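# Structural overview
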2 protein chains.
Amino acid sequence: MPDLGKPIQKLKILVIGGVAGGASAATRARRVNADAEITIIEKGPVVSFANCGLPYHVGGEIPNRQSLIVAKRELFWNRFRIAIQTQTEVTSIDRNDKTVTVTNLETNESSILSYDRLIIATGAEPNVPAYCKPMPGNAFHLWTLNDMDRVLEKVNNGKVAHAVVVGGGFVGLEVVEQLHRRGIHVTLVERNPQVLTRLDPIFARMIENHLASKSIALQLGNPIVSLKMEGNDANAAVLADGSEIPVDLLVVGAGVTPRIALAQQCGLSIGEKGGVQVNDFMQTSDPNIYAVGDIVEYENAVSKERGLNPLAGPANRSGRIAGAHAACGSSERMGPVLGTSIVRVFDLTAACTGLNEKQLQSRRTEFRTAIVQAASHASYFPGAQSMQLKLLYSPHDGKIFGAQAVGGEGVDKRIDVIATAIFFSATVYQLSQLDLAYAPPFGSAKDPIHMAAFTACNDLANLPKLKLPTADLSGLQVVDVRTATEREKLPLPNAIAIEIDEFPSKMDQLNPALETVIVCHSGKRAHIAASWLRASGFSNVSNLTGGMSIRSLTGKGNG
Amino acid sequence: MPDLGKPIQKLKILVIGGVAGGASAATRARRVNADAEITIIEKGPVVSFANCGLPYHVGGEIPNRQSLIVAKRELFWNRFRIAIQTQTEVTSIDRNDKTVTVTNLETNESSILSYDRLIIATGAEPNVPAYCKPMPGNAFHLWTLNDMDRVLEKVNNGKVAHAVVVGGGFVGLEVVEQLHRRGIHVTLVERNPQVLTRLDPIFARMIENHLASKSIALQLGNPIVSLKMEGNDANAAVLADGSEIPVDLLVVGAGVTPRIALAQQCGLSIGEKGGVQVNDFMQTSDPNIYAVGDIVEYENAVSKERGLNPLAGPANRSGRIAGAHAACGSSERMGPVLGTSIVRVFDLTAACTGLNEKQLQSRRTEFRTAIVQAASHASYFPGAQSMQLKLLYSPHDGKIFGAQAVGGEGVDKRIDVIATAIFFSATVYQLSQLDLAYAPPFGSAKDPIHMAAFTACNDLANLPKLKLPTADLSGLQVVDVRTATEREKLPLPNAIAIEIDEFPSKMDQLNPALETVIVCHSGKRAHIAASWLRASGFSNVSNLTGGMSIRSLTGKGNG
């Protein structure tokens with residue numbers, strides 16, 4: 001239990017940056033130290049605003065701009081006696097003198113401020129692709145209130161018919177939806193062959209298909225190479241394949257880079273991933289200097305490696321810890337992160353936690369995959385929505401490495417529960433034992449989480465084992481246990497069709513000597529059929545995980 | 001990792017009861033053992049139905065009766081080769097001969113069936129209060145499809161103006177809402193002084209107030225002592241205080257009792273709480289006989305004690321485990337339960353997990369309490385709903401004992417996450433470190449779970465400590481930091497009013513020598529004010545946890 005009871009007397013605490021964990025650090029510092037002198041120095045015009053809300057104001061879903069200002073200057077002073085200097089940039093840090101040089105961006109005057117403890121919360125800045133240097137007059141990021149105001153001004157003047165959004169990450173997808181709400185034709189250009197690279201390709205495909213169903217034009221793996229200009233504005237984007245798309249508005253969401261210039265300038269240790277190195281109390285290599293938010297490297301709970309994780313949750317929590325530690329020399333510990341993240345894309349939600357396939361592969365970590373399709377709550381209760389839930393886990397001990405979900409309501413709950421389980425190094429066996437809240441409006445007696453865990457446990461016990469959705473099925477005995485209607489809708493050529501309810505009486509037509517894969521729509525009925533075969537002496541039987549609902553997204557047939 | 005690969009050959013598995021985990025056991029048994037002979041013997045007319053859905057069909061929220069039949073007899077045979085004998089009662093078990101005697105309830109013929117493995121899933125039966133013996137013609141349980149049909153018939157004939165529901169547990173509250181949907185005036189009679197006894201009284205109060213706002217008449221702590229009859233029907237209920245309420249329909253949800261007669265008759269070990277004793281594979285004291293569902297005593301993850309837990313989740317999971325173990329001699333383990341449960345009551349949701357105050361007190365376990373009010377998602381994003389979230393935890397190491405939540409959307413998610421954390425013996429420190437999914441439509445960068453954990457961590461570090469909502473405030477220096485409008489709405493007499501934004505400049509009017517309690521609406525602003533005082537040398541400062549939003553539910557003023 002941390003002892004936070006001893007505020008350090010007459011301490012000067014400077015916080016650089018209000019948004020990315022800085023305000024959180026400053027207010028916590030105050031709460032544990034009444035007589036410290038606390039100042040936030042912020043480059044922008046507003047000390048604290050809801051940057052995650054910006055896209056939603058563009059589309060009008062958050063109608064009131066004012067609601068995005070989390071806390072005003074007066075509140076910081078009146079409630080917390082925290083002084084705010086906005087429009088002020090810290091240009092250098094002198095660790096020996098314990099001073100920083102600041103420049104007032106309005107008057108251009110410089111001055112020197114001293115500190116006992118310094119908290120750097122400079123956040124990240126949006127990347128600018130080469131073809132956007134310099135940024136055309138109609139090209140914007142959506143990173144600050146000012147960015148938002150400029151995008152809105154452009155949209156409100158009514159002359160935006162075609163918008164191009166660069167980057168299919170969280171912010172990019174939110175912007176796509178919100179511009180679409182404004183009646184604008186939107187093209188999403190993503191240089192990778194998929195949106196949401198935190199998800200594995202098949203799960204991203206569900207989001208891509210959903211975007212297409214909303215008439216969003218997708219350019220995946222076909223990046224912009226140049227812009228055609230008309231005066232200061234871009235009027236067309238030229239893509240790698242030579243095609244051109246019209247541009248009235250360009251919104252760039254091409255990732256972010258941590259702002260570590262100050263940390264570098266004063267010689268703080270920088271990690272391999274380009275973030276500031278910190279300990280569990282957010283102290284940098286200089287124990288009087290803390291770093292929080294998007295600029296630091298966090299420990300990953302699964303890989304134990306340190307890396308960037310520019311998300312609001314860890315930024316707030318790290319600020320809170322740095323604030324306490326700076327103000328009284330002790331605090332709770334940060335703990336590892338999981339990269340847990342979520343985005344709503346029109347009617348779907350995509351969320352993930354832990355490591356994905358690519359991350360596991362790059363670490364040469366062996367893993368297994370289970371995918372289930374399940375209803376958000378009891379299917380007999382109105383309003384149940386479908387989700388696909390994927391678990392990645394160790395073939396050796398069942399330890400969960402990561403999870404992904406795409407679907408309707410309840411995706412957030414399942415990912416949060418699994419993130420919690422992973423935090424405690426859970427195995428799929430433990431996941432299957434969780435005692436979750438059930439009533440028909442909220443879940444099922446066997447929750448989607450249980451179903452995923454059961455499926456993974458069965459896989460590990462060879463009851464039967466699961467086959468990857470992308471598996472090559474050629475040369476195998478493929479058995480399709482769906483109904484005729486289902487087979488017509490999503491055909492699986494070259495499969496032997498035996499409907500599940502006729503399976504026990506007809507399975508003797510199958511050859512026990514052949515490697516056999518059973519397929520249904522989601523994997524549930526296939527599990528039953530595969531169990532029959534396995535228990536009937538078939539030596540090599542598997543269940544195509546996720547069934548045709550997932551296989552159909554892979555672009556593979558039966559070969 | 002359990003090895004489930006070796007089905008026992010030529011095994012006869014009998015399952016007694018299809019509903020409470022029985023069907024789950026039988027289908028799992030089949031999945032691991034293709035040649036076992038599997039039979040379900042069910043007393044009722046239907047082998048498997050959605051008993052949790054019954055109330056919702058009465059109110060029309062689940063419009064289709066057929067959707068409540070989970071799986072039909074034909075499916076069991078065609079898909080699983082599981083034989084079903086409905087309307088058949090097992091009257092005795094002979095463990096030496098490994099046989100059971102069954103009676104066909106239609107023909108009244110008896111016969112003897114042999115087994116190698118027996119799975120008892122007889123479930124629980126609804127309690128009948130003394131004044132309902134015999135049950136009047138217009139009094140019903142809501143436990144079987146037949147019960148539901150009879151209630152519906154009564155309601156549909158249009159002559160039910162006044163319904164009385166006995167029992168304010170989960171089913172009782174669901175029935176209250178659904179009868180109200182049908183335009184019936186409903187009185188809820190609960191012999192305890194609160195509804196939902198799994199919740200602590202103040203959290204139950206929120207549900208009681210909500211029921212009252214929907215014009216549900218509440219009789220708490222004022223049980224029915226007798227019924228006035230007119231022919232076979234009750235036409236009034238006489239309460240303990242002598243008052244009478246009219247009765248056109250009486251629905252009894254007065255708890256359930258496990259059906260252990262068969263287990264007792266054949267001499268299986270029964271636990272102290274009146275349930276069948278089982279091991280982690282659901283084996284009874286006779287290793288060839290398994291018991292699952294509502295009749296067994298489960299281990300509690302917090303108290304480590306065994307007790308009844310008649311809920312659908314554990315019933316299904318225990319069935320699954322017993323089925324595998326019976327069929328192949330090994331299985332996953334059941335693991336402990338937490339009593340995690342949830343109910344929707346009109347526009348509110350109430351959920352809980354782990355132990356409540358009463359359970360902790362009866363075990364003489366010291367505990368601390370933190371209550372926070374928080375929004376379901378970022379408050380600047382439309383549609384955020386408020387919830388109250390309560391944590392009970394150890395004063396010694398911060399280990400979480402239990403949690404309760406009442407509010408709108410997202411209550412289920414928070415309780416499931418905390419249930420998962422408790423499953424892994426989490427402390428409030430670990431809870432504060434969880435990396436949860438955040439985007440404005442789904443949560444906040446500091447989730448309600450984090451806020452509750454932070455509050456608890458602060459309490460344990462005396463930053464400042466928390467005071468119980470029911471605390472006696474007389475003789476203390478009580479400081480109210482709310483606005484004038486808030487104070488008018490929910491007055492706190494005898495408190496010194498200093499609004500939070502004037503606190504730093506006006507706090508010198510307070511006496512540092514006195515024990516001081518700070519109060520605001522939810523506890524958040526009070527935390528800031530209390531931090532000022534504590535850090536300014538006030539020796540004994542506390543924050544009234546949950547603030548006036550909770551204090552106002554306790555019926556206590558400032559004394």
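Since the structure is predicted, the reported quantities are computational estimates derived from the model, not experimental observations.

Moving on: the overall build of chain A. When helices and strands are tallied, chain A shows 16 helices and 30 strands. Over its C-alpha atoms chain A spans a radius of gyration of 27 Å, differing by no more than 12% from the 24 Å that the globule rule assigns to 559 residues. For chain A, the spread of C-alpha atoms along the three principal axes comes to 85 × 60 × 40 Å. Looking at chain A residue by residue over its 559 residues, the buried ones come to 57%. Here the analysis covers contacts within chain A between residues at least 6 apart in sequence; of these, 66% occur between residues at least 24 apart.

Before going further, it helps to examine the environment of Asn494(A). Residues and elements named next belong to chain A. Position of Asn 494 relative to the elements: it lies in the loop between helix H13 (484-489) and strand E28 (496-497). By C-beta crowding, Asn 494 is classed as partly exposed, having 13 other C-beta atoms within 10 Å. Between the C-alpha atom of Asn 494 and that of Thr 101, which follows or precedes it by 393 residues, the distance is 72 Å.

Here the focus is the relation of the copies chain A and chain B. Overlaying chain A on chain B yields an RMSD of 0.0 Å, the required transformation being a rotation through 180 degrees with an accompanying axial translation of 0.0 Å. Here the transformation between the copies is reduced to the relation of a two-fold axis. Comparing interface residues between copies, 100% of those in chain A also sit at the interface in chain B, which points to an isologous, same-surface contact.

Our next topic: the packing of helix H10 (residues 411-423) of chain A against helix H10 (residues 411-423) of chain B. Taken N-terminus to C-terminus, the directions of H10(A) and H10(B) make an angle of 15 degrees; their axes are 9 Å apart at the nearest point. On the basis of the axis angle, H10(A) is roughly parallel to H10(B). The two elements H10(A) and H10(B) meet at a crossing, and its hand is right-handed. Judged by residue contacts, Asp412(A), Lys413(A), Asp416(A), Val417(A), Thr420(A) and Ala421(A) of H10(A) engage Asp412(B), Lys413(B), Asp416(B), Val417(B), Thr420(B) and Ala421(B) from H10(B). Considered class by class, the residues forming the contact of H10(A) with H10(B) number 4 nonpolar, 2 polar and 6 charged.

Okay, the sheet that holds strand E3 (residues 82-85) of chain A next. Residues and elements named next belong to chain A. Pairing is parallel across the open sheet formed by 5 strands, whose spatial order is E3-E2-E1-E7-E18. With one partner strand each, in any of the chains shown, E3 and strand E18 (289-291) form the two edges of the open sheet. The sheet shows a mean angle of 20 degrees between the axes of neighbouring strands, direction not considered. Here strand E1 (residues 12-16) pairs with strand E2 (residues 37-41) via 5 bridges, running parallel. Within E2, the residue paired with Ile 13 across the bridge is Ile 38. Against the sheet, helix H1 (residues 22-32) engages E1, E2, E3 and strand E7 (117-120), with an angle of about 175 degrees to E2.

Residue and element names in this part refer to chain A. The domain architecture assigned to chain A consists of domain 1 (12-125 + 257-328), domain 2 (130-254), domain 3 (347-461) and domain 4 (466-551). Put simply, the middle of domain 1 and the middle of domain 2, counted by C-alpha atoms, are 30 Å apart. Looking at the side of domain 1 that touches domain 2 residue by residue, the classes come out as 7 nonpolar, 5 polar and 1 charged.

With that settled, consider the interface of chain A and chain B. The interface of chain A with chain B comprises 79 residues on the first partner and 80 residues on the second. Where the side of chain A that touches chain B is concerned, the elements lending two or more residues are H1, helix H3 (73-80), helix H8 (312-328), strand E21 (341-345), H10, helix H11 (428-433), helix H12 (448-460) and helix H15 (524-535) of chain A. If you tally residues by element for the side of chain A that touches chain B, the top one is H10(A), at 9 residues. The residue makeup of the side of chain A that touches chain B, split by class, is 49 nonpolar, 17 polar and 13 charged.

We now examine the sheet that holds strand E16 (residues 249-252) of chain A. All names here are of chain A. As summarised here, the arrangement of the 5 strands in space is E9-E16-E10-E11-E12, forming an open sheet in which the pairing is parallel. The strands lining the two open edges of the sheet, one partner per strand, are strand E9 (139-140) and strand E12 (217-220). Across 2 bridges, E9 lies against E16 in parallel orientation. Looking at the pairing, Phe 140 lines up with Val 251 of E16.

About the criteria used
Residues numbered from 1 in each chain as written. Chains lettered and ligands numbered in written order. Predicted model: local features only at pLDDT ≥ 70, side-chain atom pairs only at ≥ 80, totals over all residues. Helix = DSSP H or I, 4+ residues; strand = E, 2+ residues; numbered from the N terminus. Rg over C-alpha atoms; globule rule 2.2 N^0.38 Å. Buried ≥ 20, exposed ≤ 12 C-beta atoms within 10 Å, placed from the backbone. Contact = placed C-beta atoms within 7 Å. Least-squares fit on C-alpha atoms with pLDDT ≥ 70 in both. Axes fitted to C-alpha atoms, helices over the stretch in contact; angles between N-to-C directions. Parallel < 35°, antiparallel > 145°, perpendicular 65-115°, else oblique. Left-handed = near helix turned anticlockwise from the far one by under 90°. Nonpolar A, V, L, I, M, F, W, Y, C, P; charged D, E, K, R; others polar. Pairing = 2+ DSSP bridges. Domains from an automatic or database assignment.

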